[in-house]
Amino acid sequence: MRISQGQIWLNFPVVNAVRARSSFLLRLAESLTITGAALLASVMVFSIFVAIMKVNPLQALYAMYLGAFGTSFSWQVTLVKASPLLLTGLCTALPMRTGLIVIGGEGAFVLGGLFAAEAAHMVMGAPTIIVWLVMAAAGCLVGGIWIMIPAALRVYRGVNETISTLLMNYIAIAIFNQLVEGLFHDPNSLNNPSTYSIGDNNMIGDIGNSQVHWGLIVGIGICILAWILVHHTTLGFSADLAGGNPKAARLSGIRINRVILWFAFLGGACAGLAGMIQVAAVQERANDGLNVGYGYAGILVAFMARQDPLAIIPVAVLLGGVHAGKILLATQLGLPNSAALVFQGLLFLFILGAETLYGRFSIFQPRVRT
Amino acid sequence: MSQSLGYWGVPLAVLGGILRLSPPFLFVSLGECLTEKSGRINLGQEGTLVMGAMSAYGISYLSGSPWLGVLAAGAVGFILGSIHGWFCSRPRVNDIALGIAMMFLGEGLAFYLGRGLIQPQATQLASVNLGWWSHQPEIVAALKINILLPVGLALAIIMWWAFRYTRWGMVVRLAGESTDASRAMGYSINTIRFLATAVGGFIAAIGGAFLSLYYPGSWNDNISSGQGLMAVALVIFARWNPINCIYAAVIFGGAKAIGPALQAAGYSSYTYLMNAAPYVLTMVIMIITCSRTRAWVGAPAELGASLR
């Protein structure tokens, strides 16, 4: 192939950098436009659905907006709901960088929360900071191992990780219920079987005068750390290579199995940590209240953010808003929680379907000089 | 004559459980089998099953005819399958992830539209009593079967025959085995897979109708408990053979029946873990049958690409 002058010119580092930046902006514009269009489409279909149900769609959307972002109180509810989603989103996003579609965040989340609560019970009486560290370690370890198992099965046995993580969610919930009502059961919690309380003084507090707990900041911090890991470390680069072209990765000497296992562990650890924070900041003990779908919503977050850890932050807030908005939807318009589930399903459907639009619009493609 | 059955009650209860619990597994795995034979995977069968259960119950309640309900369930399943099929026929859309979206959507719609159906009692499907020869009430109760069970068995045999001996069956299999060969023969891959997903949804939704119109025979939000999710695992277990789907359904139905049967016999610890038995069984089967080096025996070749 003939090398044109333009191509040689493009090899100058400065030009490369400029091009890289403009193509970054273009890619950002492209994903914002397409995600926005998918969002709009799902809002429209949801409006039609609501209208058929004889509820004014504008009223419904306004109620949802009001419940999510309308007042400072609703912002606080939204942020509390978004806090676990930051981390359960990473549980899908990180392994996906290595090409694994992990949907086991729910299992890692509940087990992480459960074992964190039990760990706190074991070191009861220790200084708060020690209790937190032990809880976090237990949550991360359990969650990480829980997701590393299907990754290892995938790597060494070729077991499809999507199906196995899905099945493991059900197994995790069975283990959770069994332990909450058996080994870890607090005999005083008769009506609502729970583990022992982690203790009032060991609860993670709220930020300032708000009702938003510090777990939100931890989640955002970990998203930023994950972004650095993914985009600015050798391990992150190896992961992208392993996910994009395993053969090339192997040829360039990357031990892709190890990278895949690491990313699965880190993803699971994030979900386990989310469970721990939910216990330590909201629930005070592990019980059925943990098992409300934060893990599943995390899958949606990861797909909407297109596996970018920084993009997870706004997406998690948006989805937290959907979860916060449904409260007002129920109290004002009498729409049940399942209406929000419909909206979430539509949103998911259109976001995934919109994947096909990437690369279709020439205005978003970087111009190649000739 | 009517003394207690003692320990014989457990296997009898399991048998009765299999007859009651297997048909939904059978229908949902047959539907998934058809879809997967065409080279696509539909993880949204859980949503299809729940939607099918809700619409069958609703239509049966409104019209008084349970068979109309079954038909309505099939139609709804067909629509859900079409949505999945259409989205997945676009390039770069991940069928596994989209299946999860369809699961959420189906469940959300069913829970929403089915709110008013928890109270009323819909007309149920009739059942055939195979235990007429016995005076033991337990035996009579265990051997009641629903008409949909023989329908499902017949469907499995027909599907096996059709895949083997009919042109349509061959075309579906070809789409699953080789995209290139199908194109060369002049068949549209997208059309074949679209139809296979839609008809697969139809079949799977009938399993939902069985749930709400026979056993447990009511509508509530927890009616399916993940049976649609297990469809994928069942088909793997059945090695993409409709006849084997029958055995898979029996085993999974049995695994589901054994917990309550033991509980009825007075053995009640580890209930939750017992209920997780089907999932563990599926995991074990997947671990045994998968291998890193060779392709799955019997798996459609094009499916392998999306499954690994």
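Here the structure is a predicted model, which is why all the values come from computation and not from measurement.

All names here are of chain A. Enumeration according to the criterion identifies four salt bridges over all chains in this entry. Asp 186 is the partner of Arg 285 in a salt bridge, and the nearest nitrogen-oxygen pair spans 3.5 Å. Taken together, the positions of Arg 285 in the loop between α11 (256-283) and α12 (294-304) and Asp 186 in the loop between α7 (161-181) and α8 (215-232) put the pair 99 residues apart, joining distant regions of the chain. What makes Asp 186 buried here is its relative accessible area of 7%. In this structure, the salt-bridge partner of Arg 306 is Glu 355, at a minimum N-O distance of 2.8 Å. Remark: Glu 355 occurs in the segment after α14 (337-353) and Arg 306 occurs in the loop between α12 and α13 (309-333); sequence separation between them is 49 residues. Glu 355 sits in the partly exposed class, given a relative accessible area of 23%.

Moving on to the interface of chain B and chain A. Each side of the interface is counted separately: chain B has 48 residues, and chain A has 46 residues. Buried area between chain B and chain A, summed over both chains or domains, comes out near 4,200 Å², and the portion from carbon and sulfur atoms is 76%. By the criterion of area lost to chain A, the three top residues of chain B are B:Phe104, B:Tyr112 and B:Tyr272, representing 18% of everything that side buries. One can count nine residue pairs in polar contact (both at pLDDT 80 or more) joining chain B with chain A. For the side of chain B that touches chain A, the secondary structure elements donating two or more residues are α3 (66-88), α4 (95-113), α10 (230-237), α12 (271-275), α13 (277-289) and α14 (301-307) of chain B. Considering each element in turn, the side of chain B that touches chain A owes the most residues, 14 residues, to α4(B). For the side of chain B that touches chain A, the per-class residue count stands at 35 nonpolar, seven polar and six charged.

Residue and element names in this part refer to chain A. When pLDDT is averaged along chain A, the result is 88, and 93% of the positions lie at 70 or above. Mean pLDDT values for the elements of chain A range from 43 in helix α1 (residues 5-10) up to 96 in α8. This stretch, residues 1-13, has a pLDDT under 50; its non-local contacts, to residues over four places away or in other chains, come to nine contacts.

Between B:Tyr215 and the following residue, B:Pro216, the backbone shows a cis peptide bond with an omega angle of 0°. Backbone geometry at A:Lys54 places phi at a positive 65°, although glycine is not the residue there. Residue placement: A:Lys54 occurs in the loop between α2 (13-52) and α3 (57-70). Take A:Lys54: its relative accessible area is 76%, and that puts it in the exposed class. With phi around 75°, A:Glu284 is a residue other than glycine that occupies positive phi space. Position of A:Glu284 among the secondary structure elements: in the loop between α11 and α12. In this structure A:Glu284 comes out as partly exposed when scored by relative accessible area, which is 22%.

Reading the values: rules and limits
- Residues numbered from 1 in each chain as written.
- Chains lettered and ligands numbered in written order.
- Predicted model: local features only at pLDDT ≥ 70, side-chain atom pairs only at ≥ 80, totals over all residues.
- Heavy atoms only, no water.
- Salt bridge = Lys/Arg side-chain N within 4 Å of Asp/Glu carboxyl O.
- Helix = DSSP H or I, 4+ residues; strand = E, 2+ residues; numbered from the N terminus.
- Buried < 20%, exposed > 50% of the residue type's maximum accessible area, 1.4 Å probe, protein only.
- Contact = heavy atoms within 4.5 Å.
- Buried area = accessible area lost by both parts, 1.4 Å probe.
- Polar contact = N/O pair within 3.5 Å; in protein donor to acceptor, adjacent residues only side chain to side chain.
- Nonpolar A, V, L, I, M, F, W, Y, C, P; charged D, E, K, R; others polar.
- pLDDT = per-residue confidence, 0-100.

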